[in-house]
Amino acid sequence: MRPPAISLLALLLACSAQGAVPYAKLRQVADLVSCQCGCSYTVGSCNMLNCHFRDPILQQISEGLEAGEPEEAVLEAVYEQYGPETRVQPREDAFGMLGWTAPFALLGVGLAAMVLVVRRWRARTAARSETRQVSDRVLERYRSQIEDDLGKLE
Amino acid sequence: MENLGYLAVLLAFLLSAYATVAALAGKLRRNPFLELSAQRAVLAAWLMTTAASGILLHAILTDNFSFSYVASRSNSDLDLLYKVAAWWGGQEGSLLFWSWIAATYSFVAVYTGRSKHRSMISYVVAVMAATQAFFLGLVAFEANPFQVIMSGPQITSVPDGRGLNPLLQHPMMAIHPPMLYLGYVGFTVPFAFALASLITRQPGERWIHTTRVWTMVTWLFQSIGILLGARWAYVVLGWGGYWGWDPVENASLLPWITGTAFLHSVMMQEKKGMMKVWNILLISATFFLCIFGTMMTRGGLVSSVHAFAQSEIGSYFVWYLAVGIALTAYFILTRLDYLRSEAELESVVSRESSFLFNNVILLASCFAVLWGTLFPVLSEYFTGDKITVGAPFFNKVNVPIGLFLLFLTGVGPLFAWRRTSAESLRRNFQSPALAALTCLAALLAAGMRHFEALVCFSLCAFVTTTVLLEFYRGGRVIQRKQGANLAAAMVELTRRNTRRYGGYLVHMAIVLMFVGFAGAAFNIVHQEEMSVGDVIEVGPYEFQLQNLSEMDTPNYFRAVAAIDVSRRGEFLETLLPERRFYHASQQPTSRVDVRNRLREDVYVVYAGQSNDGASPVIQVYINPLVNWIWIGSLVLVIGTLVALVPSRRPRRPRRRRAPRLREGSVATAGD
């Protein structure tokens, strides 16, 4: 049995063939638009046949770029027309900034906390070493470890 | 048959619930008979789950289309391999598959650990059986794979099934989900041991050894599952990539990251009695992220190409997570005295600090992935707009974190335990730093200007030198002592401390993978409508469409494009990308063809046909260095297997014999 006619990206191909917008460029811009056909990929990467969502957006991007519009303007027009769910990056507002910075902020907090903990431990260790001998248990463990390491060297 | 299958599931559920209650009651009332009974209930639950799974599998293999699940996930012309894969190809079957793996793990963990961990095994049984009961409850009451097709009061059947999703009809898909499930479910075991040790305030380090070994085994399965999934995405989905930061992909990565952090920080507990709270938190987080990931795949929290049909079971997961997290938090908070550290950090420049840094970076990476995955939910809640962040966001956030982690992979082994002197630091850093700078200079001289790729390759040289020096220095000591050749000495070195040198092999695997990831910075993509005889040039290659052929099989129709690939006029080989149209499911897919080389992949997709149906649309990707990811995957598996083999201890002379280890402690090979 032959499958139904498979049509794909007619306009995109026409554009590529005419050399108006290089495919790589079109793909780069289209990869900043989320496809909503259910594929979970971007419009540039969607590989669904006859995708109802991808083809008109590719057409719009292609026409925009061909007309000399800046990438950002083309993308904003797409986001405006097809809704915020087509964005693949947080937008440039307060919540979007939080989106971008939260992972790094957490990393910074984590590193800062680590430095504080290390400093506190060091201070405590230094204070203890002045006032207290190493406990027998810890000493036994280190002795055992040293013996172990010496054994390995031999 | 369907009644027997359902009865087996029901009995397995009841037995698991009984095992939970009996284990707890037996322990609390000091009744050894109840405790033993709970252990036997675990065995019985495994038998019942196995019986239920066998019945479902039999129905699939014998094309019993009176089963609704079989009719919707299989068809008579499906290959045997994919019929077996249909077991986990749908929601109901996969939950049963999950339950069967959980039951198998419980059975193995309980019967291998009951004599070694006599005082806490009942709590291990309780935790594992409770998890098992949860999943079996879902199978029994919400996602029953034994439902039959009814026509009035009569059981009926359809002539043929709708078939397995075509995307899943790939050999990789027969291995990827079981591996991932073995990883996901397997993390229940170390979590159960950790929680049981916490509840019983377990003395000694023996339980840590058990937990670590189980974590390593399940981490290995999880790693294989993730990497097979990446490979499957690469060769099946046909978009030229291997990782799309899809929510379900991310869900599998989250517990892997925390599991990796645990495998590092647990060394601190074993060697120095430090980071006990942290380790309990990490292994708990790993387990709960596994459950969370399962909820994402099945509960409809986020949409994904990999997700099962959205269903109502998400709320059950929320409850399970809430209760589980609350109980774990309770036990941690009430046992903080037991978790008190036995030693403290003495210097920032030490192996201990590097583990701490490593953990912080890994957790930041985990948070970044989780944050991006949940961003659509959060953005919808706070702003009303559902913004699903994709690869551009994840790459921008995770690339710097990943590079920092790669740096730490190289730095860690250069630090000594306790503290590192400036002289030792200078000596240890000299060669790796020189290698990194040489690599950087060579790449700049060769014309490379991509900043992240330059950093990545230089760090790869740094880490590689570190690892090689570790092997070389250790090998030289043995070589001098035994007179063997250096290679044999390095093998002997590895055998003496499998955990440490297996770990280094895993670090090398990570380096190889990063080389592959960095190659993506230089990917080339091109798409063209071609007629027979047409030639296109992409990078240094020429592609000529030689012919188109079509073939019909019972399972699918296929259209194949034969494309000759040449490099600067020299013929290399003919690639045969194809498109398939599956009869049963009425779904089309593409099968890419790839020329794999260490330098780069030539990846060709038969993407479709032009509107008039006369010309095929061909996509060509040139993906440099991508094969190093798969080579790194193999090294990772080998390294982890080496680390799992017990070390061979060299015989010690009598006069230097070490004092006997305390009861309950475990001799661990150092790292």
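These figures come from a predicted structure and were not determined experimentally. What you see as residue numbers is a count from 1 along each chain, following the sequence as written. Each chain takes a letter, starting from A, and each ligand takes a number, starting from 1, following the order in which they are written. Given that the model is predicted, a residue must reach a pLDDT of at least 70 before its local features are reported, and side-chain atom pairs must reach 80 or more before they are shown or counted; all residues, however, enter totals for whole chains, interfaces and linings.

**Quick look at the overall build of chain B**
If you tally the helices and strands in chain B, you get 19 helices and 12 strands. Against the globule reference of 26 Å for 671 residues, chain B gives a C-alpha radius of gyration of 27 Å, in line with a compact fold. Expressed along its principal axes, the backbone C-alpha trace of chain B runs to roughly 85 × 75 × 55 Å. Expressed as a percentage of its 671 residues, the buried residues of chain B come to 55%. Counting contacts in chain B only where the partners sit at least 6 residues apart, residues at least 24 apart contribute 72% of the total. Strands are runs of DSSP state E lasting at least 2 residues, helices are runs of H or I lasting at least 4, and numbering of each runs from the N terminus. Put simply, the radius of gyration uses C-alpha atoms, and a globule should come to 2.2 Å times the residue count raised to 0.38. Residue burial is a threshold on neighbouring C-beta atoms within 10 Å of the residue's own C-beta, all placed from the backbone, with 20 or more meaning buried, 12 or fewer meaning exposed, and counts in between meaning partly exposed. Contact criterion: two residues are in contact if their C-beta atoms, reconstructed from the backbone, are within 7 Å.

**Thoughts on the overall build of chain A**
A tally of helices and strands in chain A yields 6 helices and 0 strands. Mapped from its N terminus to its C terminus, chain A presents α and β elements in the order α-α-α-α-α-α. In chain A, which comprises 154 residues, the share counted as buried stands at 31%. If you take every contact in chain A between residues at least 6 apart in sequence, the share linking residues at least 24 apart comes to 48%.

**Concerning the confidence of the model for chain A**
Residues and elements named next belong to chain A. Per-residue confidence for chain A gives a mean pLDDT of 77; residues scoring 70 or more make up 78%. Per residue, pLDDT captures the predictor's confidence, and it can take any value from 0 to 100. Mean pLDDT across the elements of chain A bottoms out in helix H1 (residues 10-18) (47) and peaks in helix H4 (residues 71-82) (90). In the predicted structure, residues 1-11 sits below a pLDDT of 50 and forms 28 contacts with residues beyond four places in sequence or in another chain. Under a pLDDT of 50 for its full length, residues 13-19 has, in the predicted model, 11 contacts with residues more than four places off or in other chains.

**Here we look at the sheet that holds strand E3 (residues 524-529) of chain B**
Residue and element names in this part refer to chain B. Two strands qualify as a pair provided DSSP detects at least 2 bridges between them. Across the sheet, 4 strands lie side by side as E3-E12-E11-E10; this open sheet has antiparallel pairing. A single partner strand is all that each edge strand has here, and the edge strands are E3 and strand E10 (593-595). Neighbour-to-neighbour, the strand axes of this sheet turn through a mean angle of 15 degrees, independent of strand direction. As paired strands, strand E11 (residues 600-609) and strand E12 (residues 616-624) are joined by 9 bridges and run antiparallel to one another. Opposite Asp601, over in E12, you have Asn623 as the bridge partner. Here, axes are lines fitted to C-alpha atoms. For helices the fit covers the stretch in contact, and angles between N-to-C directions go from 0 to 180 degrees.

**Structural notes on the pairing of strand E4 (residues 535-538) of chain B**
Residues and elements named next belong to chain B. Two elements, E4 and strand E5 (residues 541-552), share 4 bridges in a ladder whose sense is antiparallel. Across the sheet, Ile536 pairs through a bridge with Phe543, a residue of E5. Here E4 folds back onto E5, and the loop between the two strands holds 2 residues, one of which, Gly539, carries a positive phi near 55 degrees.

**Quick notes on the packing of helix H2 (residues 32-61) of chain B against helix H5 (residues 91-113) of chain B**
All names here are of chain B. Closest axis-to-axis distance for the H2/H5 pair is 9 Å, and the angle between their directions is 150 degrees. Where H2 crosses over H5, the handedness of that crossing is left-handed. Along the contact surface, H2 presents Gln39, Val42, Leu43, Ala45, Trp46, Thr49, Thr50, Ala52, Ser53 and Leu56, while H5 presents Gly93, Leu96, Ser99, Trp100, Ala103, Thr104, Ser106, Phe107 and Val110. For this classification, Asp, Glu, Lys and Arg are treated as charged, while Ala, Val, Leu, Ile, Met, Phe, Trp, Tyr, Cys and Pro are nonpolar and the rest, including Gly, are polar. A class-by-class count of the residues in the contact of H2 with H5 yields 11 nonpolar, 8 polar and no charged. Handedness of each helix crossing follows the sense of rotation of the near helix against the far helix: counterclockwise by less than a right angle gives left-handed, clockwise gives right-handed.

**Quick notes on the packing of helix H1 (residues 2-28) of chain B against H2 of chain B**
Residue and element names in this part refer to chain B. Running from amino to carboxyl end, H1 crosses H2 at an angle of 160 degrees, the nearest separation of the two axes being 7 Å. Relative to H2, the element H1 lies roughly antiparallel. For the element pair H1 and H2, the recorded crossing hand is left-handed. Of the residues contributing to the contact of H1 with H2, the split by class is 23 nonpolar, 5 polar and 2 charged. Working definition: roughly parallel below 35 degrees, roughly antiparallel above 145 degrees, roughly perpendicular at 65 to 115 degrees, and oblique for all remaining angles.

**Details of the nonpolar core**
All names here are of chain B. Put simply, a nonpolar core is buried Ala, Val, Leu, Ile, Met, Phe, Trp, Tyr and Cys residues tied into one set by C-beta atoms within 7 Å. Ala12, Ala19, Val42, Val124, Val125, Val127 and Phe514 are the most contacted members of the largest nonpolar core, which totals 213 residues. Filtering out sequence-adjacent residues up to four positions away, Ala19 remains in contact with Ala38, Ala41, Val42, Ala45, Val125 and Ala129. In terms of nonpolar packing, the next biggest core, distinct from the first, is built from 19 residues, Leu545, Ile563, Val604 and Val617 among them.

**Notes on unusual backbone geometry**
One non-glycine residue, Arg30 of chain B, lies in positive phi territory at about 50 degrees. Tracing the backbone shows Arg30 of chain B in the loop between H1 and H2.

**Digging into helix H14 (residues 391-411) of chain B**
Residue and element names in this part refer to chain B. Between the first and last C-alpha of H14 there are 29 Å, a value that for 21 residues agrees with the 30 Å anticipated at 1.5 Å per step. Along its length, H14 reaches its greatest deviation from straightness, about 30 degrees, at Asn398, and the proline Pro400 lies no more than four positions downstream. Within H14 the residues assigned to the buried category are Ala391, Phe393, Phe394, Val397, Ile401, Gly402, Leu405, Leu406, Leu408, Thr409, Gly410 and Val411. The length a helix should cover is 1.5 Å for every residue beyond the first. Bend angle per residue: angle between axes fitted to the 7 residues ending at that residue and the 7 residues starting there.

**Considerations on the environment of Arg162 of chain B**
All names here are of chain B. Along the chain, Arg162 falls in the loop between strand E2 (154-156) and helix H7 (171-186). Arg162 gets classed as partly exposed once you count the C-beta atoms within 10 Å, which come to 17. On a C-alpha basis, the gap between Arg162 and Val538 in space is 40 Å, while along the polypeptide they are 376 residues apart.

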